[in-house]
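Summary of structural features
Single-letter residue listing:
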Amino acid sequence: MKIHGFNKLTLLDYPGHLGATLFLGSCNFRCPFCQNAGLVLNPEAEPYIEEGEVLAYLKKRQGILEGVCVTGGEPTLSRELPQFIEKLKSLGYLVKLDTNGSNPSMIRSLVESGLIDYVAMDIKTSPENYGRVAGCINISMDTIEESVEYLMDCGIDYEFRTTVVRELHTVEDFYKIGAWLHGCRQYFLQAYKDSENVIQSGFHSYSRKELEGFAEIFKEQGINAGIRGLDD
């Protein structure tokens, strides 16, 4: 498994659990606001962390850490992912998968094999604007919609989340996302934060008040919506 980043302690990445986060390389999307440009655009140039080193650390932290978040890039592009997660599970860890939802067959396999305990799926925007926001004009919504439907029906703990960018999202998008995700368990609006690691700079977040207004759109449709990433 090609691991490019290892956050050894996090209180944020795995809701409700003290965890660690692993970053894998490569992605089939090119979201211009992505915070991990190196992992997406040129993963081969990024440093590697030996799998054995990661597993040895996690073994030492058994009973202290509770979960491991596997993120990217897009983790489901890796053929070795199931075998690697088996090693995490053998150490007794809960496993959370972060995904863009473009590989529903991998998600299904991981869930049905009992290898993951929580899925966080990015919802880039409303279906008609998906390709533009994901940086892939010819994107197929069939796979995205299949993943959404599967997560809502399969019984696993999950959340949907959207990184909200002023230049890319409108209030109409959130009405349409709410209609699309009607009945989902949990949805989060994530405030965009600029950094030197984004694929394309120059984007901005909405204000707290504006994000709270977007959250109300979902609550009016019966969706439990929260906000993340705002500086207090």
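Summarised in this report is the structure supplied together with it.

The rules we used
Residues numbered from 1 in each chain as written. Predicted model: local features only at pLDDT ≥ 70, side-chain atom pairs only at ≥ 80, totals over all residues. Heavy atoms only, no water. Helix = DSSP H or I, 4+ residues; strand = E, 2+ residues; numbered from the N terminus. Buried < 20%, exposed > 50% of the residue type's maximum accessible area, 1.4 Å probe, protein only. Contact = heavy atoms within 4.5 Å. Patch = residues over 30% accessible without salt bridge, like charges linked within 9 Å, V, L, I, M, F, W, Y side chains within 5 Å. Areas by Shrake-Rupley, 256 points an atom, 1.4 Å probe, with all protein chains shown as cover. Salt bridge = Lys/Arg side-chain N within 4 Å of Asp/Glu carboxyl O. Lys, Arg positive; Asp, Glu negative; His and termini not counted. Charge placed at Lys NZ, Arg CZ, Asp CG, Glu CD. Axes fitted to C-alpha atoms, helices over the stretch in contact; angles between N-to-C directions. Parallel < 35°, antiparallel > 145°, perpendicular 65-115°, else oblique. Left-handed = near helix turned anticlockwise from the far one by under 90°. Nonpolar A, V, L, I, M, F, W, Y, C, P; charged D, E, K, R; others polar. Pairing = 2+ DSSP bridges. Right-handed = clockwise from strand over helix to strand, strands pointing away. Phe/Tyr/Trp six-rings, centres within 6.5 Å; stacked < 30°, edge-to-face > 60°.

Here we look at the environment of Ser205
- Within the secondary structure, Ser205 sits in the loop between strand E7 (187–191) and helix H8 (208–220).
- By relative accessible area, Ser205 is classed as partly exposed at 22%.
- Residue contacts for Ser205: discarding those within four places in its chain leaves Val164, Arg166, Ala191, Tyr192 and Leu211.

Quick notes on a negative patch on the surface
- Taken together, the side chains of Asp142, Glu146, Glu149 and Asp153 make up a negatively charged region of the molecular surface.
- Along the chain, Glu146 falls in helix H6 (residues 141–154).
- Accessibility expressed as a relative area gives 36% for Glu146, which makes it partly exposed.

Overview of the packing of helix H7 (residues 171–180) against H8
- Two elements in contact, H7 and H8, have axes whose closest approach is 9 Å; the angle formed by their N-to-C orientations is 25°. By the angle between their directions, the pair H7 and H8 is classed as roughly parallel. Relative to H8, the crossing made by H7 is right-handed. Taking contact as the criterion, the partners of Val171, Phe174, Tyr175, Ile177 and Gly178 in H7 are, on H8, Phe214, Ile217 and Phe218.
- Taken together, the residues that form the contact of H7 with H8 break down as 7 nonpolar, 1 polar and no charged.

Here we look at the sheet that holds strand E2 (residues 19–24)
- Overall, mixed pairing links the 8 strands, which are arranged E1-E2-E3-E4-E5-E6-E7-E8 in an open sheet. Edge strands, defined here as strands with exactly one partner in the open sheet, are strand E1 (3–10) and strand E8 (225–228). The average undirected angle you get between the axes of adjacent strands in this sheet is 20°.
- In this structure, E7 lies alongside E8, joined through 4 bridges in parallel fashion. By the bridge assignment, Gln190 is partnered in E8 with Arg228.
- Contacts between helix H2 (residues 51–60) and the sheet are confined to E1, E2 and strand E3 (67–71), with E1 contributing the most and set at about 15° to the helix.
- Contacts from helix H3 (residues 81–90) reach E1, E2, E3 and strand E4 (94–99) within the one sheet, and its direction differs from that of E4 by about 150°.

Concerning the pairing of strand E6 (residues 157–164)
- Here E6 lies mainly inside the structure; 6 of its 8 residues are buried.
- As paired elements, strand E5 (residues 118–122) and E6 share 5 bridges and run parallel to each other. Pairing of Asp122 across the sheet is with Arg161, part of E6.
- Direction of pairing for E6 relative to E7: parallel, over a ladder of 5 bridges. Within E7, the position partnered with Val164 by the bridge is Ala191.
- At this point the chain moves from E6, through H7, to the parallel E7, and the crossover so formed is right-handed.

Let's talk about the packing of aromatic side chains
- Throughout the structure, instances matching the rule amount to 9 aromatic pairs.
- When the centroid spacing of 6.2 Å and the interplanar angle of 70° are considered together, the rings of Phe174 and Phe218 count as edge-to-face. Placement of Phe174 in helix H7 and of Phe218 in helix H8 is noted, with a sequence separation of 44 residues between them. Of the two residues examined, Phe174 and Phe218, each falls in the buried class.
- Three or more aromatic residues link up through ring pairs in this structure, and these residues are Phe174, Tyr187, Tyr206, Phe214 and Phe218.

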